[in-house]
There are 2 protein chains.
Amino acid sequence: MAFTYRYARPALTVDCVVLGLEASDADAELRVLLVKRGEAPFAGRWALPGGFVKVRDDGDQGESLDDAARRELVEETGVAIAHLEQLYTFGAPKRDPRGRVVSTAYLALVRPGDHLVTAGSDAAEADWFAVSGALDGTIALAFDHRAILTLAVTRLRAKVRYAPIGFHLLPKKFTLGHLHKLYEVCAGRPIDASNFHKKAAKVLVRTGVLQDTGEARRGRHRPAPRYRFDERAYERAVEGGFSFEI
Amino acid sequence: MAFTYRYARPALTVDCVVLGLEASDADAELRVLLVKRGEAPFAGRWALPGGFVKVRDDGDQGESLDDAARRELVEETGVAIAHLEQLYTFGAPKRDPRGRVVSTAYLALVRPGDHLVTAGSDAAEADWFAVSGALDGTIALAFDHRAILTLAVTRLRAKVRYAPIGFHLLPKKFTLGHLHKLYEVCAGRPIDASNFHKKAAKVLVRTGVLQDTGEARRGRHRPAPRYRFDERAYERAVEGGFSFEI
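The structure presented is a predicted model; accordingly, all values stated were derived computationally and were not measured. (Residues numbered from 1 in each chain as written. Chains lettered and ligands numbered in written order. Predicted model: local features only at pLDDT ≥ 70, side-chain atom pairs only at ≥ 80, totals over all residues. Heavy atoms only, no water.)

**Focus: the pairing of strand β2 (residues 11-23) of chain A**
Residues and elements named next belong to chain A. To be explicit about the condition: Accessible area is worked out with a 1.4 Å probe on protein chains only. A residue is then buried under 20% of its type maximum, exposed over 50%, and partly exposed in between. Here a helix means four or more residues in a row that DSSP labels H or I, a strand means two or more in a row labelled E, and each is numbered from the N terminus. Criterion used throughout: strands pair if DSSP finds at least two bridges between them.
A large share of β2 lies buried, amounting to 11 of its 13 residues. As paired strands, β2 and strand β7 (residues 101-110) are joined by 10 bridges and run parallel to one another. Bridge pairing in β7 links V17 to L107. As paired strands, β2 and strand β5 (residues 50-52) are joined by three bridges and run antiparallel to one another. The residue bridging D15 from the neighbouring strand is G50, located in β5. The pairing of β2 with strand β3 (residues 28-37) spans five bridges and is classified as antiparallel. Of the residues in β3, the one forming a bridge with L21 is L30.

Structural data, given as structure tokens:
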């Protein structure tokens, strides 16, 4: 069956920027989930997982953009994420050599360990890569996916200032040291540890976002208290009124 | 000429939420620029200015989404705005009775007095309306345009907390009283005037965003200093590091 239109129409795709934090006690790195394209154009290149939105020309009209993003992510990488945040729609002419393709990009933050990655659909491979390598060109990305990733990282860096982050990136229980490392990685710059600890204790504990679990992590020095996020306080803080200048 | 595709494709539109501040010394109101639809569907209803993105099926591929938004706004309302900020893409099935239509919404803040509104293209009329009336249903909007407007106002309210606002809404020279009224209107709630004056003096003057013009506005009471925005300091503050809890 073919569809005939009086005016040219764009193809519509979704692309997913899934960021995860790979953290040890010594170091932390922001990673991005990529797929190796199995088909032209850019066959063999790494790309953000994504694909065409299913559109129908009847009363049903097909799937929503959010549904398409979740579906494509599962099909290509095996990763199921309940909530993806819409990031931006990339609609510049010539961004796809095949013809006019407009893509709505989505962003999600996850703990990589929670998700088993398995390539599927038209992705030949799927894996985690250092965001730094994808941004500096060490890994060449297909289409304008480097620009999409750049915007996602910019959004994350802005978010650090007006919403708490980490709920979907850190383990259930963590120290302020872990949180400090996360903020450094997301902000993309060193943050004074002593100031950070003071402000985190003041802002995050006062607003109830951080709850002391009463357990302490034993290290070479004095035991560090372990915290957990209070989900409701976290969601309230994400929605408004929160400000965390670091 | 007709275009034939193997799979169904969506039509792609842009919609513009242009907000302006109507302010006297006594009161201030947030307004939105609307057009009366001259054609079905929703003929005779008020709607956000917007229309179809021009897509070509050749090497040129047509216009960008940003260009389409600027073009449609001028065609339908006569209002020319250099910078529109992309807000969100609305792509739910059945949002348009004609078939699958995905719309990218844009947001702009302007001084209504700077723009002469003249209806054109497929808009029968164009005018400014109180945002409150469009949100509470006093003015029934076409399509899902009330949801689009709601998101625009939510974005503006969030922005009040992490970026200075007013540069594109207030006259060139203004008092802290004007700015206070603007923040109340944008925040959608009363803000204690004395606290606001203190914080504005501290945060906005310290960062160089507000510059004292050395002129004072004469009123019944002591003269109120008149300020102007420093464009470069304002842009720096919009981009990052700024936080203004009120």
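**Here's the deal with helix α1 (residues 65-77) of chain A**
Convention followed: To estimate how far a helix should extend, the number of its residues minus one is multiplied by 1.5 Å.
A rise of 1.5 Å per residue sets the reference length of α1 of chain A, with its 13 residues, at 18 Å; its end C-alpha atoms lie 18 Å apart and thus fit the reference within 8%. Along α1 of chain A, the residues classified as buried are L65, A68, A69, R71, E72, L73, E76 and T77 of chain A.

**Looking at the interface of chain A and chain B**
Quick reminder of the rule: By definition in these notes, contact holds between two residues if any of their heavy atoms fall within 4.5 Å. Summed over both partners, the accessible surface that disappears when two parts come together, traced with a 1.4 Å probe, is what is meant by buried area. A pair is scored as a salt bridge if a Lys or Arg side-chain nitrogen falls within 4 Å of a carboxyl oxygen belonging to Asp or Glu. For the purposes of these results, a polar contact is taken to be a pair of N or O atoms within 3.5 Å, where, inside protein, one atom must be able to donate a hydrogen and its partner to accept one; residues adjacent in sequence count only when each atom of the pair is a side-chain atom. Put simply, Ala, Val, Leu, Ile, Met, Phe, Trp, Tyr, Cys and Pro go in the nonpolar bin, Asp, Glu, Lys and Arg in the charged bin, and everything else, Gly too, in the polar bin.
Taken together, the contacts link 45 residues of chain A with 45 residues of chain B. With both sides pooled, the region where chain A packs onto chain B buries about 3,700 Å², and carbon together with sulfur makes up 51% of that total. Where chain A packs against chain B, one counts zero salt bridges. Scanning the region where chain A abuts chain B turns up 18 residue pairs in polar contact (both at pLDDT 80 or more). Secondary-structure elements contributing two or more residues to the side of chain A that touches chain B are β1 (3-5), β2, α1, β6 (85-90), β7 and α3 (145-162) of chain A. By residue class, the composition of the side of chain A that touches chain B is 17 nonpolar, 13 polar and 15 charged.

**A closer look at the relation of the copies chain A and chain B**
Note the threshold: The copies were overlaid with a least-squares fit restricted to C-alpha atoms from residues scoring a pLDDT of at least 70 in each copy.
The operation relating chain A to chain B is a screw motion whose rotation component is 180 degrees, with 0.0 Å of axial translation and a residual RMSD of 0.0 Å. A rotation of that kind, with that shift, is consistent with a two-fold axis. The C-alpha atom lying nearest the rotation axis in chain A is that of T4 of chain A; the distance is 2.2 Å.

**Section: the pattern of salt bridges**
Inspection of the entire model under this criterion finds 32 salt bridges over all chains. When the shortest N-O distance is used, the salt bridge between D67 of chain A and R70 of chain A registers 2.6 Å. Residue D67 of chain A and its partner R70 of chain A are both found in helix α1; the two are separated by three residues, about one turn of the helix. When its relative accessible area of 36% is taken as the criterion, D67 of chain A is described as partly exposed. For R70 of chain A, a relative accessible area of 30% puts it in the partly exposed group. Residue R95 of chain B is joined to D144 of chain B by a salt bridge in which the shortest nitrogen-to-oxygen separation is 2.7 Å. Placement of the pair is R95 of chain B in the loop between β6 (85-90) and β7 (101-110) and D144 of chain B in the loop between α2 (131-135) and α3 (145-162), with a sequence separation of 49 residues.

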